[in-house]
Amino acid sequence: MTGPTATRTLTRRRVLGGLAGAAAVAASVAGCRLRAPRPVLEEPDLVSARVKPPVPADDPESPLWAQAKAAEVAVIGQVMVPPTKPAAAVASLRVRSLHDGTRIAFLLEWTDPAEDALSVKTTQFTDACGVLLGPPDAEPLVWMMGTAEAPVTLIHWRADWQRDLDAGFQDLEAAFPNAAFDFYPPLVGARHPLRLPDAYPTAARMWLPGWQTGNPLSQPLKESAVQKLAARGPGTVAPFATQDAVGRGRWRDRGWKVALAKPMASTDVGEAVLIAGQTYGIAFAVWSGGERDRGARKSVTRLGRLRVDA
């Protein structure tokens with residue numbers, strides 16, 4: 001019979017086929033459970049794994065990072081110091097850490113739909129990230145960029161500085177490729193395209209006061225995309241005299257992977273010293289250029305702990 005009242009004969013083949021289908025569904029569900037996203041920590045709880053030197057200080061794609069356990073950490077807005085950012089740019093940040101007894105390195109990964117690596121126009125802001133390193137048994141107040149009694153060390157990577165290193169100094173030509181000028185004292189007789197620093201002889205740099213006075217934000221020639229900074233509270237961030245932090249970031253598949261590192265020993269007075277076998281305070285921050293982040297306007301993690309593997 002072929003009508004709606006037809007009955008089907010239950011054969012061995014059909015029974016086995018049904019069991020196979022049920023098994024496939026069960027295996028699929030089990031697979032989904034195995035691939036469940038890792039838990040998101042409310043605050044960082046990170047172990048810096050020891051490896052043979054050197055650590056991949058400026059290689060976010062190094063296979064060595066697989067030797068460090070990743071931690072997925074919740075990210076929140078910054079509402080304590082203006083300019084504030086009530087809503088975080090991302091929900092979480094994935095972090096890893098390695099050290100070789102001489103240098104400690106971190107790998108930060110987060111989602112970002114656009115690569116913002118120019119800050120030439122006044123309306124442009126750069127993507128960036130940072131690591132805050134506090135003393136052992138850090139008090140909660142250390143989260144507020146340290147205190148006078150408990151200063152912190154920051155290592156801060158900037159996408160626009162990375163672009164300067166990779167593609168040459170990004171000046172007005174990058175934002176206004178068709179711009180022209182009739183007369184500009186430092187560039188009289190200079191050949192185009194301009195080459196730094198040859199196009200700006202020392203005598204002509206008086207017209208560029210940021211460069212002339214040594215402002216690190218105004219230097220056209222970058223040695224690293226990472227700054228090592230000191231802080232003793234909100235509004236006190238300043239570069240250390242010795243700039244020996246390094247790093248590199250890559251934007252791919254709508255996200256950033258950034259490696260950054262500093263020496264474990266101190267090269268400046270007040271710099272964080274990291275000793276294998278000890279635990280330190282740590283926090284992370286992310287700036288989204290597409291959301292006009294800058295300065296205190298950033299997304300942050302809570303203060304957590306970093307255990308340096310002995």
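Basis of the calculations
- Residues numbered from 1 in each chain as written.
- Predicted model: local features only at pLDDT ≥ 70, side-chain atom pairs only at ≥ 80, totals over all residues.
- Heavy atoms only, no water.
- Buried < 20%, exposed > 50% of the residue type's maximum accessible area, 1.4 Å probe, protein only.
- Helix = DSSP H or I, 4+ residues; strand = E, 2+ residues; numbered from the N terminus.
- Pairing = 2+ DSSP bridges.
- pLDDT = per-residue confidence, 0-100.
- Contact = heavy atoms within 4.5 Å.
- Salt bridge = Lys/Arg side-chain N within 4 Å of Asp/Glu carboxyl O.

## Some words on the pairing of strand β12 (residues 255-263)
Piece 1. The buried fraction of β12 amounts to eight of the nine residues, a majority that puts the element mostly inside the structure.
Piece 2. As defined by bridge partners, strand β6 (residues 103-111) adjoins β12 across nine bridges and the pair is classed as antiparallel. In the strand pairing of β12, Trp 110 is matched with Trp 256.
Piece 3. Sheet analysis places strand β11 (residues 246-251) next to β12, joined by six bridges and oriented antiparallel. Note that in β12 the partner of Arg 250 across the bridge is Lys 257.
Piece 4. The hairpin turn running from β11 into β12, its antiparallel successor, is three residues long, and Asp 253 in that turn takes a positive phi close to 55°.

## What to know about the confidence of the model for the protein chain
Piece 1. Per-residue pLDDT for the protein chain has a mean of 87; in total, 87% of the residues score no lower than 70.
Piece 2. A low-confidence stretch, residues 1-35 stays under pLDDT 50, and its non-local contacts, those more than four residues away or across chains, total four contacts.

## Digging into the pattern of salt bridges
Piece 1. Applying the stated rule across the entire model yields 15 salt bridges.
Piece 2. Between Lys 228 and Asp 268 there is a salt bridge, and its shortest N-O distance comes to 3.0 Å. Separated by 40 residues along the polypeptide, Lys 228 in strand β9 (residues 226-231) and Asp 268 in the loop between β12 and β13 (279-287) bring together distant segments of the chain. By the burial criterion, Lys 228 is buried, and Asp 268 matches it.
Piece 3. Note that Glu 271 and Lys 262 form a salt bridge whose closest N and O atoms lie 3.0 Å from each other.
Piece 4. We classify Glu 271 as buried; its relative accessible area is 6%.

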